[in-house]
Amino acid sequence: MSTSKPPSLALLYPGDRPMRDRADPAESRFAALFDACAAAGIRTEPAVYHDDFADEVAVQLRGVDAALVWCNPIESGRRRDRLDAMLRGVADAGVMVSAHPDTILRMGTKDVLVQTRDLPFGSDAHQVDSLRQLAEDLPPRLRDGARVLKQHRGHSGAGVWRVELADRARGTVRLQHAQRGSEETVVSFDTLVQTMAPYFDPAAGGHMIDQAWQPRLVDGMVRAYLVADRVGGFGHQAVNALYPAHGDQPAPAAGPRLYHGAGDARFQNLKAQLESAWIEQLCARVGVPQERLPLLWDMDFIPGEPSPDGTPRYVLCEINVSSVSPFPPSAIAPLVAAVKRRVHGRN
């Protein structure tokens with residue numbers, strides 16, 4: 001009787017040397033995923049990563065069938081350049097890597113907002129390639145309403161700015177950074193341009209994305225957690241870092257992110273549209289085959305104005321691929337099953 005070798009998996013996440021030396025799945029933020037993998041017969045090990053011991057982690061990853069990766073575009077002040085080069089080499093050696101760095105570049109940057117602006121979940125979005133273009137193109141758009149400027153790649157609100165005309169005659173704007181702890185200020189347009197200058201550095205992507213402000217942000221953001229091309233759960237949160245104050249009233253406070261299963265009745269319209277059309281349309285637009293989708297990713301939506309027939313509308317504000325954590329418990333079982341399918345499909 002023949003027996004097949006059980007699949008092996010590494011969970012890669014950032015840390016320092018002491019974290020790597022004492023890595024214990026039971027103490028990891030992914031403890032539930034480690035347990036579910038073990039129950040499914042997947043041999044799973046932690047792969048704590050830092051650039052200082054990248055070669056050591058590369059050797060470890062070459063010894064497993066698959067690697068799931070959690071690392072932000074900028075982690076503790078460091079970019080992912082060395083990690084991405086290592087992951088490409090590991091993938092070329094036959095290890096299934098999710099998310100592959102090339103897939104992240106295709107769908108996990110703010111450029112996706114421009115690429116999908118004419119799709120059902122898209123909105124008015126433009127790529128701005130220089131400070132000169134920003135100075136020329138932004139003022140006419142601001143006359144039609146507030147805008148949101150987003151750096152090419154980032155996380156946790158860094159490099160995301162709400163801009164609104166304050167006094168057209170004086171050439172001032174209201175400027176609000178989405179990063180935690182930031183406050184709205186009124187500045188000259190020249191100061192706005194100077195503030196955005198670092199995002200046009202080639203090392204920062206060399207451009208920004210200008211997207212129309214979505215006034216229903218106060219109704220909360222809906223995050224669809226996806227396992228490959230299926231919905232694994234939802235998150236719902238009042239994310240009001242950019243919501244403007246009115247008069248003496250402060251902006252609404254952000255609420256906790258609440259997690260819900262894929263069957264939550266409130267989000268079935270969104271789930272149906274994602275699984276029946278939107279994911280396929282996204283893949284075609286960004287050039288990622290559905291069979292190469294990340295095993296865990298998410299799409300963040302802000303409620304738009306309902307259709308004339310009352311059907312809810314959702315507007316994409318970003319896609320997260322690099323480091324999707326935390327995630328709803330309902331996504332764990334389908335994620336484990338997807339790992340097994342993807343590994344067996346490569347053997």
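Here, the structure is the one placed above.
Small disclaimer: the values here were computed from a predicted structure and weren't measured. (Residues numbered from 1 in each chain as written. Predicted model: local features only at pLDDT ≥ 70, side-chain atom pairs only at ≥ 80, totals over all residues. Heavy atoms only, no water.)

**Student:** Teacher, can you tell me more about the nonpolar core here?
**Tutor:** Soluble globular proteins tend to pack their nonpolar side chains together in the buried interior. The biggest cluster of nonpolar side chains holds 33 residues, and the ones touching the most others in it are M107, L274, L282, W297, M299, F301 and I319. Elements supplying a minimum of two residues to this core: α5 (101-107), α6 (112-115), β13 (221-227), β14 (230-237), α9 (268-286), β16 (297-303) and β17 (314-320). Here this core takes seven residues from α9, the largest share from any one element. Discounting chain neighbours no more than four positions away, the residues touching L282 are M107, V112, T116, L119, F121, W297, M299 and I319. (Core = buried A, V, L, I, M, F, W, Y, C linked by side-chain atoms within 4.5 Å. Buried < 20%, exposed > 50% of the residue type's maximum accessible area, 1.4 Å probe, protein only. Helix = DSSP H or I, 4+ residues; strand = E, 2+ residues; numbered from the N terminus. Contact = heavy atoms within 4.5 Å.)

**Student:** I keep staring at unusual backbone geometry and nothing clicks. Help me out?
**Tutor:** Leaving glycine out, the prevailing phi sign among residues is negative, and the prevailing peptide bond configuration is trans. For the peptide bond that leads from S98 to A99, omega is 5°, which places it in the cis range. On the secondary structure map, A99 appears in the loop between β6 (96-98) and α5. Following S325, the chain continues to P326 via a peptide bond in cis, the omega torsion being 0°. The residue P326 is located in the loop between β17 and α10 (332-346) in this model.

**Student:** Quick question: what am I supposed to make of the sheet that holds strand β1 (residues 8-14) here?
**Tutor:** Strands belonging to one sheet form pairs held by backbone hydrogen bonds; the direction of such a pair is parallel or antiparallel. Read across the open sheet, the four strands follow the order β2-β1-β3-β6; overall the sheet is parallel. Taken across any chain shown, the strands that pair with only one partner, and hence form the sheet edges, are β2 (43-49) and β6. Sheet twist, expressed as the mean angle between neighbouring strand axes with direction ignored, is 20°. Pairing of β1 with strand β3 (residues 66-69) involves four bridges; the strand directions are parallel. Paired with A10 across the bridge in β3 is A67. Those strands touched by helix α3 (residues 54-61) are β1, β2 and β3, and its axis lies near 165° from that of β2. (Pairing = 2+ DSSP bridges. Axes fitted to C-alpha atoms, helices over the stretch in contact; angles between N-to-C directions.)

**Student:** Just to check I follow, could you spell out the packing of aromatic side chains for this structure?
**Tutor:** Two aromatic rings are characterised by how far apart their centres lie and by the angle between their planes. For the coordinates displayed, the defined rule picks out seven aromatic pairs. Where F121 meets W278, the ring centres are 5.2 Å apart and the plane angle is 55°; that geometry is what we call tilted. Taken together, the positions of F121 in the loop between α6 and β7 (125-128) and W278 in helix α9 put the pair 157 residues apart, joining distant regions of the chain. Each member of the pair, F121 as well as W278, is classed as buried. Geometrically, the ring pair formed by Y225 and Y259 is tilted, given 6.0 Å between the ring centres and 55° between the ring planes. Pair noted here: Y225 is in strand β13 and Y259 is in strand β15 (residues 258-260), with a separation of 34 residues, a long-range link. With a relative accessible area of 0%, Y225 lands in the buried category. Residue classification places Y259 among the partly exposed positions, given a relative accessible area of 29%. Connected via pairs of aromatic rings, a cluster forms that spans F121, W278, F301 and Y314. A cation over a ring is seen here: R17 above F53, with NZ or CZ 4.5 Å from the ring centre. (Phe/Tyr/Trp six-rings, centres within 6.5 Å; stacked < 30°, edge-to-face > 60°. Lys NZ or Arg CZ within 6 Å of the ring centre and 35° of its normal.)

**Student:** It is not clear to me how the pattern of salt bridges should be interpreted in this structure. Could you clarify?
**Tutor:** Close approach of charged atoms lets side chains of opposite charge pair. Evaluation of the coordinates by the stated rule reveals 24 salt bridges. A salt bridge links E318 to K110; its shortest N-O distance comes to 3.4 Å. In this pair, E318 is assigned in strand β17 and K110 in the loop between α5 and α6, connecting sequence segments 208 residues apart. Relative accessible area serves as the criterion here: at 7%, K110 is assigned to the buried category. Through salt bridges with shared partners, a single network forms among R17, R20, D21 and E56. (Salt bridge = Lys/Arg side-chain N within 4 Å of Asp/Glu carboxyl O.)

**Student:** Honestly, the pairing of β3 in this entry has me stumped. Any pointers?
**Tutor:** Looking along a regular strand, one sees side chains alternate from face to face of the sheet. Side chains A66 and L68 project from β3 onto one buried face, and the interleaved A67 and V69 project onto a second face that is buried too. Of the pairings in the sheet, the one linking β3 to β6 comprises three bridges and is parallel in character. When the bridges of β6 are listed, L68 appears paired with S98.

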